[in-house]
Amino acid sequence: MSQVTVSVRTYAFTWATLLALTLLTSVMGLLDLGTFNMVAAVLIKASLIAAIFMHAFFGAKLVRIVVASGVMWFLILIGLTLADYLTRGLLPFPGK
Amino acid sequence: MADPLELAVREQFHDPAQQRETSTVAMWVFLITEVMLFGVLFTTFTVYRIGHPAAFDQGSAQMEFWMGAVNTAVLICSSFAMALAVNSAERGKRLRLAVYLLLTIGIGLVFLGIKFTEYYLHYQDHKVPGLNFQDSTPDARFIEMFFVFYFIMTGLHAIHMLVGIGLLSALLLRTYLGSFNGEYHTPVELTGLYWHFVDMVWVFLFAIFYIPGAHMR
């Protein structure tokens, strides 16, 4: 069969990295080290889980397309919604 | 119980590889619908947060920060155990598969134990909207809204954990009955995908609920 067996070593390394990043995000939160660093650390964690634990990185092309389309639809959902809420009040309207 | 190799290819598929890929893609499509389900809640939360940042920080400062942080680590460990279970299944090691499935279930139950302890502490603090929410600060209405999001989103996540533990228990039973071997173990892999996804959702929940107010505690 064409399946890829991810080695225990790769899983263990991913696990250790995820735990380290959890500690890092917790400390960053306690010290208030800025939103951007936090968002970056969380996105790295989520990507590691999807890529290694969920095999998205090793999987078939079709799986990767499905994952990418899911991310894209979510970005449309949040992007268009925030395009409204974040820009309210930027332009003066009569009577407001 | 049918012979595992007989179970391996259903008649609508050409070969085991095609059957496996079809199931995997279908599972991912299901997970994308889950992304949309949680995505709507995350988006709504973001909109409210933008409208009332100070109140939401105050709400976040009332979280049990260390319980949330430990729970994040607990769930990552449970995902690791699940990954090892999938690895054992691929290698056809039945006993190890059963042990890792049990471990995954056990660590998942630890997560739920900590989570429900947190809920109980919030109840004692009078922070459960609709039941006993009390807050005398000027922003009380929006702090209450923060807790509404908190209970709905972590509650939906906890329901997903319970479903996952049910699925894992079914896998454990089927492992015991000998349904899986090195050639056929797709259900183990797909349940693994679901379990890792639920882990990933928690990573985001921890980030939006616990961290923003952590420095104000």
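Residues numbered from 1 in each chain as written. Chains lettered and ligands numbered in written order. Predicted model: local features only at pLDDT ≥ 70, side-chain atom pairs only at ≥ 80, totals over all residues.

**Digging into the confidence of the model for chain B**
Part 1: For chain B, the average pLDDT comes to 93, and 96% of its residues sit at 70 or higher.
Part 2: The ipTM for the predicted assembly is 0.89, set against a pTM of 0.92. (pLDDT = per-residue confidence, 0-100.)

**Focus on the domain arrangement of chain A**
Part 1: Per the domain assignment, the segments of chain A are domain 1 (1-58) and domain 2 (60-90).
Part 2: Here domain 1 of chain A and domain 2 of chain A have C-alpha centroids that lie 22 Å from each other. (Domains from an automatic or database assignment.)

**Notes on the interface of chain A and chain B**
Part 1: At the interface, 40 residues of chain A touch 36 residues of chain B.
Part 2: At the level of elements, α1 (8-31), α2 (35-53) and α3 (61-85) of chain A are the ones that each hand at least two residues to the side of chain A that touches chain B.
Part 3: Broken down by element, the side of chain A that touches chain B gets its largest block of residues, 12 residues, from α3 of chain A.
Part 4: Within the side of chain A that touches chain B, the residues separate by chemical class into 28 nonpolar, 10 polar and 2 charged. (Contact = placed C-beta atoms within 7 Å. Helix = DSSP H or I, 4+ residues; strand = E, 2+ residues; numbered from the N terminus. Nonpolar A, V, L, I, M, F, W, Y, C, P; charged D, E, K, R; others polar.)

**As for helix α5 (residues 94-124) of chain B**
Residues and elements named next belong to chain B.
Part 1: The end-to-end C-alpha distance of α5, which contains 31 residues, comes to 45 Å, matching closely the 45 Å that a straight helix rising 1.5 Å per residue would cover.
Part 2: For α5, the complete set of buried residues consists of L97, Y100, L101, T104, I105, G108, F111, K115 and H122.
Part 3: Against α4 (65-90), α6 (140-177) and α7 (186-209) lie the buried residues of α5.
Part 4: H126 lies just past α5 and shows a positive phi near 60°. (Expected span 1.5 Å × (residues − 1). Buried ≥ 20, exposed ≤ 12 C-beta atoms within 10 Å, placed from the backbone.)

**Topic: the environment of L77 of chain A**
Part 1: As for its placement among the helices and strands, L77 of chain A is situated in helix α3.
Part 2: Given 16 C-beta atoms within a 10 Å radius, L77 of chain A is considered partly exposed.
Part 3: When the C-alpha atoms of L77 of chain A and F36 of chain A are compared, they prove to be 21 Å apart, with 41 residues separating the residues in sequence.
Part 4: Not counting the four nearest positions on each side in its chain, L77 of chain A is found in contact with G39 and T43 of chain B.

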